Every structure is written in structure tokens, then in C-alpha cells.
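Reading the structure
So you can see what is in the structure, the chains are spelled out below.
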Amino acid sequence: MAAYPESFRQRNITRPLLKWVRSVLPGMSETEREALAAGSIWFDAELMRGDPDFSRLLDMPVHRLSDEEQAFLVGPVEELCRRIDDWQMTFTERDIPREIWDFVRKEGFLGLIIPKEYGGKGFSATANSEIVMKIASRGPSAAVTVIVPNSLGPGELLVLFGTDRQKNYWLPRLADGRDIPAFALTSLDAGSDAAAMTDYGVVAWGEIDGKKTLGMRVNWSKRYISLGPICTVLGLAFKLSDPDRLLGGEEDLGITVALIPAATKGVEIGRRHYPGMQAFPNGPTTGTDVFVPMDWIIGGQARIGQGWRMLVTALAAGRGVMLPAMSVAGMKVAAFSTGAYARIREQFNLPVSRFEGVQEAVARIASDTYRLDAARRLTLAALDSGEKPAVITAIMKYHATEAMRRATNDAMDVHSGKAVIDGPRNYLSSAYRAIPIAITVEGANIMTRSLMIYGQGSIRCHPFIQEEIAAAQMRDDDAAVEAFDAVLYRHAAYAFMTLVRAAWRGWTFGLLSRSPVAGREARHYRQIKRLSAALAIVSEAAIITMGGALKRKEMISARLGDMLSELYLACASLKRFADTGRPAEDWPLCDHAVRVSLNAADQALKDVLDNFPMRLVGWYLRLKIQPFGVVCGKPRDRLTQKISDTICEPSGARDRLTEGIYVADDIELGRLDHAFRLIAELEPVKAVMRKARVRSLDEAKKQGLITGNEAARLAEAMELVREVSKVDDFAPEELTGKKPAISKRKGKAA
Ligand SMILES: Cc1cc2nc3c(=O)[nH]c(=O)nc-3n(C[C@H](O)[C@H](O)[C@H](O)COP(=O)(O)OP(=O)(O)OC[C@H]3O[C@@H](n4cnc5c(N)ncnc54)[C@H](O)[C@@H]3O)c2cc1C
């Protein structure tokens, strides 16, 4: 019975609507519910609700590294980078050399996220990102050795959920590398749908040191486990049941996470996969009837069945740190090397950077590097201020890894043969091979884009939907009507306001919206406002017309997620420009980056409306909010050429764009940079020769076009260019490890 008599409105509108909502409500598993509850919402909510408050964004302070973090970066990190030889690891040894492991352990790289009181570094997310970015710029495998212990895994789970005893025992051992952790979630049948794992544990009595102990008999067969083959302690997720009711409760207890020393009887580790020809250890593990006492469960017995919640909570923030750092490192290396190489490499008597086709590829790299690095910084600032924005970290995971893939492909294309031939001189191919790993782990990208970004964003960022779902799920019908009624009309008012706002901004090209700043940035802020309002109302329409079916309409939800992501990237680029003091030289990069994002968002809006399942609704919305089609065009060719030039010539903007990667005189990138700077400096001399169509230095000297000194410097520069343009070759037995099958002289099988 309702506490008060039902009103006319409740009886005739709210009740039927509630009935309808219940019929379209998506079925949600417990694991999905837990994923939705993990982490927090942040600026994503501003963008999803249609009227972002930019002051919230612009006022957010940039996170500065502490003196200790800074010292670590210029000390141990630089030294580690100096010692890394990616070719030796991936080709010769196919393993991480012992000296690297020793150094990494000794200097505390394995405990970056472990609090100081447990012997770790307790560094900020920003510092961890800078550290991984620099190491990854020397090679992906070495970076993985640092990434795995410092992202989702035993260390983080212990910090967040461990008992005091577990923390006191394990964290100091993980921090100083006495123990090497791995985390095993994925199994043969359970990849993206990890919660479907068949690995199981049964509550049982066993014996530890001759004492009868309550615990679990656990069996598993996991695969793809990073550091698994060498770990000394395994974080393991499995489904626990208690058929004999030894704990006195239910039979199915749910996903549980325990820390199991690798030396425990029944645990098998050691065999290796060979992912993307990378050297870091990765492999399967099995466990047969392993007895695990209750106090090995992370967080103790009280945390039985909470494994999934623990994992998604850790992932909500963690996804925004390590993989984006690794991806941005790949992009910065691509920008740094491609700009330089395109400038020094000449074909048809011109630097290839002068060809428009090459400029397009170089500009894509530069622009993507600017916006993804901007988003990396912004997300880190949010994490360091205590936010755990689950939707934004999913955006970062997807877009940073995809942008790294684009940038590396473009870099390979521009370098052509130089990037194809493997060997120690090749600074791109190892990253190229590692990209699919980053795309696959921590939520494979197709699923992250199609399901997670918008799937979570639409519900979590909506001001009313969660309340409505809660009301609809109430068992007591009258209470449900009352609760639903309380939110429904606020929702209706919000939807109406959103429609009016989106239509107004659509018909006025967004030009009359307010911008937080004046000048050239203002038009971009206005377009963000226009597209944000459009996103809010289309999202509203999609939810109302499709309800739970929207979950299966992944092409629609992926595009709505793209809109949200691109708006976030545009905001991040503008914020970066403001935070760095608006250097005029950087404006073309920022301008291009924002235009790319806005064009992608506008195009995604058009694609959603073109494909809206209820055609009438699609047409109506198009008329209201995108009456003139895609108004945010792609960047103009002149701007594209300008930003290509920005990274193909020495400049402050180029230095700022690529800062944070490891470059030294004795590595290929350093030699490339040296040749690049010298060639750029001698451009006036080269221009004179080019104009006179003279290629030979002697001839130029003879004709008095250049001085003897200029000729000597140019000869030195050209020698450097020849040197860095070289690729490796090998004796056949170096590659095969045996005598050649075909004899050299006779051309016969040897
Ligand atoms: C090198 C490497 C290291 C790894 N390290 C670890 C580790 O340390 N610990 C660990 O536990 N795991 C680890 N993994 C496992 C990794 O997390 C999984 O590979 C990942 O979850 C994807 O699972 P899968 O490969 O089985 O792909 P599948 O789940 O088989 O997916 C196949 C395709 O379907 C797509 N897809 C699936 N569901 C949906 C959906 N609902 N909507 C749209 N698309 C969908 C996916 O995006 C993917 O493109 C590692 C994997 C690799 C390759």
C-alpha cells in the first residue's frame, strides 16, 4: 500500500510508464552491476549532460612532480634506459637480461605504486606515467616489466583491499623485488568475458604445517599471464563454492581473488607464450588441487565473492595510467623520428617532408601525439586529485592504443624500407609488433569501444537513469511508483531543456554559446558545447527508444562513445594549450588536434542519426540538432602542412611535443637527431645548390656557390645522413643459428 493515496498523475502516467520501463530495462548481470558501480564520474558527466562547465576543467591544477619523483626520472630511469638494448632482448636473448632485472629490483621500479610505509616509492600517477613513458620509448618489453607489477595485480589489490597482515608481509617483498607478482584472470574459455571463467575452488579442510586448516582446493588453467613464467607469487581469480556448507552460508560464493606463492604444491608455471615476438615473460599456468588457506584470499575471508568488484575497482583507475603512457611513448618516438627522418631523407632531390603525401602522414602523427598526450596529462591530473573516472580511463585505454597504432603505421610508411628491415638500427619495428598486445589487454579494444565507453557513460553520467533503474527494480509496486514518480518529471524537464539547448545550438552553428575564453580558442569551445548538447539529446532518444536493446546496438553505442571520447580529447587539447601558457608556436598543433576531434565527433553524430533504428526519430533529430550536416570540417590542407613542418624542422613546438622520451648520442634516435639538426642548419647552403641544380659538392665549390667550409660541413652532414639511413644486414648463420641451407657458390642445398 502507498503511504499516500495515488495521485491522478501517478495512476495514469507514472504507473504505465514504469511498467513500460520495466519491460525495456536491460538485463544486467551481477558483474555488470559491479562494473557500473566501480570508480567515479568526472568531466565525462559534464560532456554527457550537454552543458559542460569549462571552468571545472580549466581550473584543475596541473600535477607537478615532486623533487623525489623528478630525481628518480633523471637518475635510475635514465640509467635503466641507457642499459636497455631492445634488439638484444627481443632477438638475441628472447628474454629480459638478468642485469636489467637486478637493476629494476634494486632501484625499486617494482614498487612504484606501493606506499612508502611498506618500502615502496608511493609515486603519483603522473610520475608513474612519465617513468613508463621514458622506458617504453626504449622498448616495449622492458616497459612491461615495470608496467605489470605496477598496474592491475597483486600490488594494487593488496594496497586497496589487503588485510594489515597481508600488507605488512607482501608489500615490502614486492617493493624490493624479493617477490615477482603476476595476475591470472584470463583462461581458455574466458577472455573478454572474464567473469565466465571455469577455474574453480571448493571450500575444504586441508593441512598447513601439520595443522588442520580451513581453506580451498583450487584448480585452474589460465593463459596469457604476463610475468607468469617467472613469478614467485600469483594473484589468482577463481569461482568459489562451498557445497558442504563449511562456511555456513550459500553454496555459490562467487569470484574470489587469492595470492598463491608459485612454489605451492600443485602450481605449474614456467612455459612461455611468445607474444608479438616480445621478450617479456608471458605464459600459461595451471593449478591442480592446490590447497589455499583462507588467509591467502586478498582481504581475508571477508572478501570471499568480492573478487570481481575488487578487480573492476582497480581497473577503473589503472587503465588510465600505464597503457596510455606506453602508447604516448610510441607516438612520441614516431613523431620525433618521422619528423627528423622525413627532413633528412631526400628523394627526387628534395627532402621527402616536402611531399604533400608525406606531410599528411606526418601531420596525423603530430596531431594525434598532441591530443593524446594532452588527454594523458589531464587524466593523470584527475587521478592525482583523487578522482577514479572509470569511463574516462576506458576512453584513454582505447584511444591512446589506437592512436599509437595509427602513428606507428604512419611512421613505418614514411620510413619505408628503413623501418621494415629489422635489426638494432630499427627504432620502430619492436613497438609495431607490440601494438596488438596493448590493443588486446585490459579490455580488448573493439569491446572497449563498442560496449564499455558509452555503455558505462550513458548510465553513470546520466543525472536520473540510475535512480529510475533503482525505482524500477523495487519489489514493492507502490513504493516503486512513488520513487519513480519523484524522478520521472525532473527527467522529463531535463530532456526537454536538453532538446531545446541542442536545437538552439544546432541552428545557430553553436556560435551563440558561451566560451570560457575569448579569441581563437573560443570557436572550439562553442563547438564542444554544441556537440555536447547534441550528444545528450541523442543519447536520451537512444535510451528511450531502444531501452535495453541499445546494449546490442553496438554500432550506435560505439559512435555515441566516439562522440564522448572525441569531445574529451578536444577539451584536453585546449586545456593543455592553456596550461602551457598558450605558446603561439603550439597553436597550429592544438588547432589541428581539436579540429580532428570535433570533425570526428560531428561525423559520429551524423552516422548515428543516419542509422537511428527508429527512422522517424533520426530524421526529427537531424532536423533539430544537425540541420546543416557536419559543420566541423577536417583541418585545412594549409594547417596540415604547417604542423607537418612544425615537426620536420627543429623548433620549440617539436621539442615540447616529444619531451619525455629517451634520446642519447649513442643510440640511433640520438644520431638521427644530430643529423637532422645539422641538415636543418645547413638548409640555406643546400637551397643554393638545389636552385642551381648542382648535386655534387665539388661542383658547387668550383662554381663558387658554396665556400670550402660550407662544403666540409655539408659533407659531414651528408655522411651522418647516410649513416642513419643505413639498415642492418646479417650473416645467414646469425639469423638461423645454423649453416645456410643453400651453399653460396653452388646455389645447391648444402
Ligand atoms: C600479451 C598478453 C598479455 C596478457 N596479460 C594478461 C595477464 O597478465 N593476466 C590476465 O589475466 N590476462 C592477460 N591477458 C589476457 C587479455 O586480457 C585477454 O586477451 C583479453 O581480455 C581478450 O581476451 P581474448 O584474447 O580471449 O579475446 P576474446 O575475448 O576472444 O575476444 C575476441 C574479440 O571479440 C571482441 N569482443 C568480445 N566481447 C565483445 C562484446 N561484448 N562486444 C564487442 N566486442 C567483443 C573483443 O574485443 C575481441 O576483439 C594478456 C593477453 C595478451 C595477449
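Here's a quick rundown of the structure. Since the structure is predicted, the reported quantities are computational estimates derived from the model, not experimental observations. (Residues numbered from 1 in each chain as written. Predicted model: local features only at pLDDT ≥ 70, side-chain atom pairs only at ≥ 80, totals over all residues. Heavy atoms only, no water.)

Some points on the overall build of the chain
Basically, it comes down to this: Per the convention used, a helix needs a DSSP run of H or I reaching at least four residues, while a strand needs a run of E reaching at least two, with both numbered from the N terminus. Computation of the radius of gyration draws on C-alpha atoms alone. For the globule rule, the value is 2.2 Å times the number of residues to the power 0.38. Residues are treated as being in contact if the distance between any of their heavy atoms lies within 4.5 Å. Note on areas: Shrake-Rupley, 1.4 Å probe, and residue coverage restricted to the protein chains presented here. Charge counting follows a simple rule: Lys and Arg are positive, Asp and Glu are negative, and His as well as the terminal groups are ignored. Lysine's charge is taken at NZ, arginine's at CZ, aspartate's at CG and glutamate's at CD.
Regarding its fold elements, the chain presents 31 helices and nine strands. A compact globule built from 750 residues should have a C-alpha radius of gyration of about 27 Å, and the chain, at 29 Å, falls within 12% of that. With the C-alpha coordinates aligned to their principal axes, the bounding extent of the chain is approximately 105 × 75 × 60 Å. In the chain, once contacts between residues fewer than 6 apart in sequence are set aside, the share between residues at least 24 apart is 76%. Carbon together with sulfur atoms contributes 54% to the accessible area of the chain, which is approximately 32100 Å² in total. The distance from the centre of the 99 positive side-chain charges to the centre of the 92 negative ones in the chain is 4 Å.

So, the site of the ligand
So the rule is basically this: Nearness here has a simple test: a residue counts as near a molecule or strand if at least one of its heavy atoms is within 4 Å of that partner. Each residue gets one of three labels, nonpolar for Ala, Val, Leu, Ile, Met, Phe, Trp, Tyr, Cys and Pro, charged for Asp, Glu, Lys and Arg, and polar for the others, Gly among them.
The full set close to the ligand counts 19 residues, and L185, T186, S192, Y224 and E554 are the nearest of them. Its free accessible area being 970 Å², the ligand has 68% of it covered by the protein chains. Among the elements of the structure, β1 (181–184), β3 (211–226), α17 (429–440) and α18 (445–460) are those that each provide at least two residues to the shell around the ligand. Its residues placed into classes, the shell around the ligand shows 12 nonpolar, six polar and one charged.

Details of unusual backbone geometry
Phi angles above zero are rare outside glycine, and L227 is one such case at about 65 degrees. Among the secondary structure elements, L227 is positioned in the loop between β3 and β4 (233–241). The phi dihedral of R693 falls on the positive side, at around 55 degrees, and the residue is not glycine. Mapped onto the fold, R693 is located in the loop between α28 (683–691) and α29 (697–702).

Things to note about the nonpolar core
We count it as follows: Buried residues of nine kinds, namely Ala, Val, Leu, Ile, Met, Phe, Trp, Tyr and Cys, make up a nonpolar core once their side-chain atoms join them within 4.5 Å. Burial classes follow relative accessibility: with a 1.4 Å probe on protein chains only, a residue under 20% of its type's maximum area counts as buried, one over 50% as exposed, and anything between as partly exposed.
Grouped together as the largest cluster of nonpolar side chains are 189 residues, with contacts concentrated most on F109, I131, I135, I528, V538, L560 and Y568. When near neighbours in sequence (up to four residues on either side) are disregarded, F109 contacts F72, P76, V77, L80, F103, V104, I131, I135, V146 and N150. Within the second largest apolar cluster, 32 residues are counted, among which are W170, L174, A195 and M197.

Considerations on empty space enclosed by the protein
Our working definition: A cavity here means a set of points on a 1 Å grid, drawn over the protein atoms and nothing else, where a 1.4 Å probe fits but cannot get out; a pocket is an open set with protein on both sides within 12 Å along at least five of seven lines, and a residue lines either one if it has an atom within 4 Å of a point. Grid points are joined across faces, edges and corners, and a volume is the space filled by probe spheres set on the points.
What the rule picks out here adds up to three cavities of 30 Å³ or more. Here the largest cavity is characterised by a volume of approximately 60 Å³. Residue lining of the largest cavity: M48, G457, S458, C461, H462, Y494, A536, S539 and E540, and that is the complete set. Elements represented by at least two residues in the lining of the largest cavity include exactly α18 and α21 (522–546).

Things to note about the state of the cysteines
Put simply, the test is: In what follows, a disulfide is any cysteine sulfur pair within 2.5 Å.
A full pass over the atoms with the stated rule returns zero disulfides. Looking at C461, it has no disulfide partner, and the nearest cysteine sulfur is the one in C571, 13 Å off. Take C461: its relative accessible area is 0%, and that puts it in the buried class.

A look at the pattern of salt bridges
For clarity, the cut-off: Counted as salt bridges are all cases of a side-chain nitrogen of Lys or Arg within 4 Å of a carboxyl oxygen of Asp or Glu.
Counted under the stated rule, the structure contains 59 salt bridges. Residue D477 pairs with R22 through a salt bridge whose shortest N-O separation is 2.8 Å. Of this pair, D477 sits in helix α20 (residues 477–507) while R22 sits in helix α1 (residues 8–24), and the two are 455 residues apart along the sequence. Accessibility expressed as a relative area gives 37% for D477, which makes it partly exposed. A salt bridge links R354 to E683, with the shortest nitrogen-to-oxygen separation between them at 3.4 Å. Here R354 is found in the loop between β9 (350–351) and α14 (356–384), whereas its partner E683 is found in helix α28, with 329 residues between them in sequence. Taking the relative accessible area as the measure of exposure, R354 reaches 41% and is therefore partly exposed. On the basis of relative accessibility, which here comes to 15%, the residue E683 falls in the buried class.

With respect to the side chain of E402
By the element assignment, E402 lies in helix α15 (residues 390–415). In this structure E402 comes out as buried when scored by relative accessible area, which is 13%. Ignoring sequence-local partners within four residues, the contact set of E402 consists of I439 and N445.

Quick word on the packing of helix α10 (residues 154–161) against helix α12 (residues 307–318)
Applicable threshold: Whenever a helix is involved, its axis is fitted only over the stretch in contact; in every case the axis is a line through C-alpha atoms, and angles between N-to-C directions fall within 0 to 180 degrees. The scheme is simple: roughly parallel for angles under 35 degrees, roughly antiparallel for over 145, roughly perpendicular for 65 to 115, oblique for anything else.
Close contact between α10 and α12 brings their axes to 10 Å; oriented N to C, the two are set at 105 degrees. For the element pair α10 / α12, the angle class is roughly perpendicular. Taken together, the residues of α12 that come into contact with α10 (itself represented by E156, L157, L160 and F161) are M310, L311, T313 and A314. Taken together, the residues of the contact of α10 with α12 sort by class into six nonpolar, one polar and one charged.

Details of the side chain of S367
Rule in force here: Think of a polar contact as two N or O atoms within 3.5 Å of one another; within protein, one of them needs to be a possible hydrogen donor and the other a possible acceptor, and neighboring residues in sequence only count if both atoms come from side chains.
For S367, the position within the fold is in helix α14. We classify S367 as buried; its relative accessible area is 2%. Among the polar contacts made by the side chain of S367, one reaches the side chain of H592 at a distance of 2.9 Å. Those residues in contact with S367 that sit more than four places away from it in its chain are H592, A593, V596 and I643.

Let's talk about the packing of aromatic side chains
This is how it is decided: Any Phe, Tyr or Trp ring, taking Trp's six-membered ring, that has another such ring centre within 6.5 Å forms a pair; planes under 30 degrees apart are called stacked, those over 60 apart edge-to-face, and the others tilted. Charge-over-ring contacts are defined here by two conditions on Lys NZ or Arg CZ: a distance within 6 Å of the ring centre and an angle within 35 degrees of the ring normal.
For the structure shown, the criterion picks out 15 aromatic pairs. Here the aromatic rings of W87 and F91 are separated by 4.4 Å at their centres, their planes lie at 10 degrees, and the arrangement is stacked. Placement of both W87 and F91 in helix α6 (residues 86–93) is noted, with a separation of four residues, approximately one turn of the helix. On the numbers, 5.0 Å between centres and 85 degrees between planes, the contact of Y169 with W170 is edge-to-face. Among the aromatic residues, those joined into a ring-pair cluster are F72, F103, F109 and F123. Geometry around Y370 places R576 over its ring, the cationic atom sitting 4.3 Å from the centre.

As for the pairing of strand β2 (residues 200–208)
We apply this condition: Pairing between strands is defined by DSSP: at least two bridges between the two strands are required.
Relative to β3, β2 runs antiparallel, the two sharing nine bridges. If you follow I208 over to β3, its bridge partner there is K211. In this structure, the hairpin formed by β2 and β3 is closed by a connection of two residues, where D209 is found at a positive phi of approximately 50 degrees. As paired elements, β2 and β4 share three bridges and run parallel to each other. Counterpart to Y200 in the pairing with β4 is K239.

Some remarks on a nonpolar patch on the surface
For clarity, the cut-off: Any residue with relative accessible area above 30% and no salt bridge may belong to a patch, with like charges joined within 9 Å and the nonpolar Val, Leu, Ile, Met, Phe, Trp and Tyr side chains within 5 Å.
On the surface, W504, W507, F509, L511, L512, L623 and F628 cluster together to form a nonpolar patch covering roughly 770 Å² of accessible area. Its location among the elements puts F509 in the loop between α20 and α21. By relative accessible area, F509 is classed as partly exposed at 34%.

A word on the environment of V21
Mapping V21 onto the fold places it in helix α1. For the pair V21 and Y169, spaced 148 residues apart in sequence, the C-alpha to C-alpha distance is 50 Å. Beyond its immediate sequence surroundings of up to four residues, V21 is in contact with A472 and F484.

Honestly, that's just the spatial picture; any functional story needs more than this.
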